[in-house]
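Each chain, written out:
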Amino acid sequence: MAICLRQLALLIAALLLHTGVGAASPLTPFTGIEAARSDPGAETPPVSGWRPVMLPDDWSTRWPDFEGVVWYRLSWNQHDAGRPTALMLDYWTLAGAAYLNGSPIARDAHLSEPMSRSWNMPRRWLLSPPLLREGRNVLLIRVSGYAIYQPGLGPVALGDPATIQARYDRTHWLRRVLPTFNLGITIALATFFFAIWLMRRREAAYGWYSLALFAWTAYSLNLVATTPWPFATTDGWSRTTLIALLLFTASYCMFVIRFLERRFPRVEALLGAGFLASLILMVAVPHDQLGPTRLILSGAASALYFGTISLFFVSTWRSPRIDHWMLNITNALTLAAAAHDQLVFAGIWHDNTYYAPITSQILIVCMAIVLAWKFVSAMTRVEQFNDKLSEKVEAAREELAVVLNHQHELRLASSRMAERMRLAHNLHDGMGATLVNNIAALEHGTGDVSRGRFLSMLKELRDELRLVIDTSTGTYPADRPLAEWLAPLRARLTLLCENRNILCRWQLDGLGDHSLSAEQSLDLMRVVQEGVTNALKHSGAHEIDIALLPQGGGLRLTIRDDGHGFDPEEMRDSGIGLQSMASRASRLGGSLDLRSTDEGTMLVFDIAPARPDKS
């Protein structure tokens with residue numbers, strides 16, 4: 001009941017928003033609105049043939065059999081081009097592009113078959129110089145469409161950005177948010193009742209109701225789909241949508257019959273045969289006959305739906321049950337919406353907004369309440385047997401508690417082991433790499449090590465140990481920029497390379513104030529350190545390039561050397577270094593790619609974008 005009331009509140013709010021309740025500042029008037037036909041492949045508007053029109057416009061009322069491209073030209077006088085100005089259009093049908101003063105401002109991906117499905121997509125733009133000019137401005141809109149799909153252009157508004165934004169929010173809520181929200185509810189309910197029917201095949205009403213909801217989901221996709229996939233033509237979408245509508249009405253009729261515990265063998269057989277015949281007709285009918293066929297079959301679907309609702313009302317009007325009367329009231333509401341949509345579909349009512357996918361959700365949710373009530377009633381009888389099983393349940397609960405405690409102990413042990421492995425990796429990649437690099441520096445150095453150099457080596461080891469301790473205990477600053485993490489490591493590694501006559505190049509452009517958590521920063525720094533250390537130890541390289549750059553919201557680390565290379569498969573399990581890098585890549589949610597040839601080795605480490613904090 002609470003869900004049904006919430007749905008009703010959402011519907012009322014949407015209708016109020018759609019009618020524009022509330023004060024609004026005046027819009028800038030257009031001095032001219034014209035339309036002209038064009039060749040389908042034309043990328044520029046025609047020179048002649050322009051006719052004044054009013055918006056919203058359905059060109060099939062003016063050119064009944066025209067299928068192709070129509071250009072719309074809207075002009076207005078802008079007294080102050082520097083004043084904030086916004087532009088919005090409710091829709092174009094089926095696909096289109098927009099140009100302001102000759103400059104493109106919007107274009108669908110597909111202007112020819114398979115055409116983009118943006119017919120239910122509102123758009124808005126903020127206009128400013130030089131796009132917006134003093135004096136006369138011209139907005140050209142190219143629309144591709146077919147006469148049978150109410151082709152044309154919806155309302156266009158120009159004015160103050162706050163006013164246009166409020167209008168856009170209302171339209172977007174009605175055309176995009178509510179249909180998407182209701183689509184999610186329909187899918188959830190369809191899946192729920194399908195699962196119930198699978199577990200209780202005798203409850204045929206659940207199966208028919210689930211099928212009706214899945215069919216309605218397929219029908220409602222027409223309101224939210226923005227790409228032509230999976231169809232190659234607009235007709236493919238139209239045929240499938242109407243088939244889904246026919247399946248919905250047939251399944252819903254069967255649901256009502258089973259819900260009322262009735263049997264009408266002849267009617268049911270006729271219903272199945274009629275659906276199959278309609279399915280074959282919709283698949284086989286040619287394009288030039290598709291329009292009249294759609295009107296006939298959609299009218300038949302509406303008549304069947306009306307008959308189903310009437311059957312339910314006649315069968316329950318004497319019933320004292322509140323749920324029956326609640327369903328009758330909601331049936332009346334959805335029937336009114338269906339009548340409106342049928343008039344829009346037939347082109348009698350010049351509108352582009354369909355209310356059935358919105359109002360029908362009230363009926364769907366209320367029906368779900370009735371079915372849930374029936375299911376709960378059956379479960380209540382089952383619960384009477386639960387008292388006899390209480391002792392067994394309690395014993396099972398105690399046994400489960402023992403198992404859970406044991407599992408908890410295992411998780412704690414596993415967590416401790418993981419922490420030890422992480423500490424071992426940090427010591428290996430940090431202090432171990434520092435020791436190896438310093439040993440290599442001593443081996444390749446000439447003469448005795450100075451007291452200052454020896455002291456510097458000890459300080460490096462101390463800093464590495466402090467870094468491991470601080471990050472492990474959570475005492476390291478969490479907001480330290482990534483560049484600051486890399487600065488001392490960059491200085492040390494560069495010096496090591498110089499001491500061994502290796503050219504070391506760094507590329508850290510675009511990092512700015514980019515930051516990660518302390519643990520993530522340490523993992524990234526260790527990958528850099530281990531990668532360069534491996535190159536110094538094994539590759540015999542003369543040049544090493546290190547690049548850390550933003551990419552796709554995340555980061556990409558590349559370490560490249562010109563050494564003699566190795567076989568990554570043979571080395572992958574032979575040492576802790578590569579295992580440590582793979583472990584760190586997994587913790588960072590990234591991917592590690594190691595490629596090596598005789599001409600050198602390249603390590604590529606992609607770090608996924610940081611997930612938003614949901615706390």
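By convention here, each chain's residues receive numbers from 1 onward along its written sequence. A pLDDT threshold of at least 70 governs which residues receive local features in this predicted model, and a stricter bar of 80 or more applies before side-chain atom pairs are shown or counted, although totals over entire chains, interfaces and linings include all residues. Remark: hydrogens and water are excluded; side-chain values derive from all non-hydrogen atoms of the structure.

Pairing between sheet strands relies on hydrogen bonds along the backbone, with the strands arranged either parallel or antiparallel. Read across the open sheet, the three strands follow the order β3-β11-β6; overall the sheet is antiparallel. Only two strands of the sheet have a single neighbouring strand rather than two, namely β3 (57-58) and β6 (92-93). When β3 meets strand β11 (residues 152-153), the two strands line up antiparallel, connected through two bridges. Within the sheet, the bridge partner assigned to Asp58 lies in β11 and is Gly152. Strands are labelled as partners when DSSP assigns at least two bridges between them. Put simply, DSSP H or I for four residues or longer makes a helix, DSSP E for two residues or longer makes a strand, and each gets a number counted from the N terminus.

Ring pairs shown here join Phe, Tyr and Trp side chains whose ring centres sit within 6.5 Å, with only the six-membered ring taken for Trp; geometry is labelled stacked below 30 degrees between planes, edge-to-face above 60, and tilted in between. Evaluated as defined, the whole model comprises 20 aromatic pairs. Between Tyr252 and Tyr305, the aromatic rings sit 5.6 Å apart at their centres with planes inclined by 45 degrees, giving tilted as the arrangement. A residue pair is termed long-range when its members are at least 10 positions apart, and Tyr252 in helix α4 (residues 234-259) and Tyr305 in helix α6 (residues 290-316) qualify at 53 residues. Throughout, exposure labels follow a simple rule: accessible area from a 1.4 Å probe, protein chains only, divided by the maximum for the residue type, with under 20% read as buried, over 50% as exposed, and the rest as partly exposed. Assessed through its relative accessible area of 8%, Tyr305 is described here as buried. Three or more aromatic residues joined by ring pairs make a cluster, and in this case those are Phe192, Phe193, Tyr206, Tyr209, Trp216, Tyr219, Phe248, Tyr252, Phe255, Phe259, Tyr305 and Phe312. Here, over-ring charges are defined by two tests on the NZ atom of lysine or the CZ atom of arginine: distance to the ring centre within 6 Å, and angle to the ring normal within 35 degrees. Above the ring of Tyr168, the side-chain terminus of Arg124 is found at 4.1 Å from the ring centroid. Directly above the aromatic system of Trp197 lies the positively charged group of Arg201, at a separation of 4.7 Å from the ring centroid.

With that settled, the discussion passes to the confidence of the model for the chain. Taken as a whole, the chain shows an average pLDDT of 80; of its residues, 76% reach a score of 70 or greater. Each residue carries a pLDDT score, the predictor's confidence in it, ranging from 0 to 100. The contact criterion used throughout is that any non-hydrogen atoms of two residues lie within 4.5 Å. Confidence over residues 1-25 falls short of pLDDT 50; this stretch has 36 contacts with residues more than four positions distant or in other chains.

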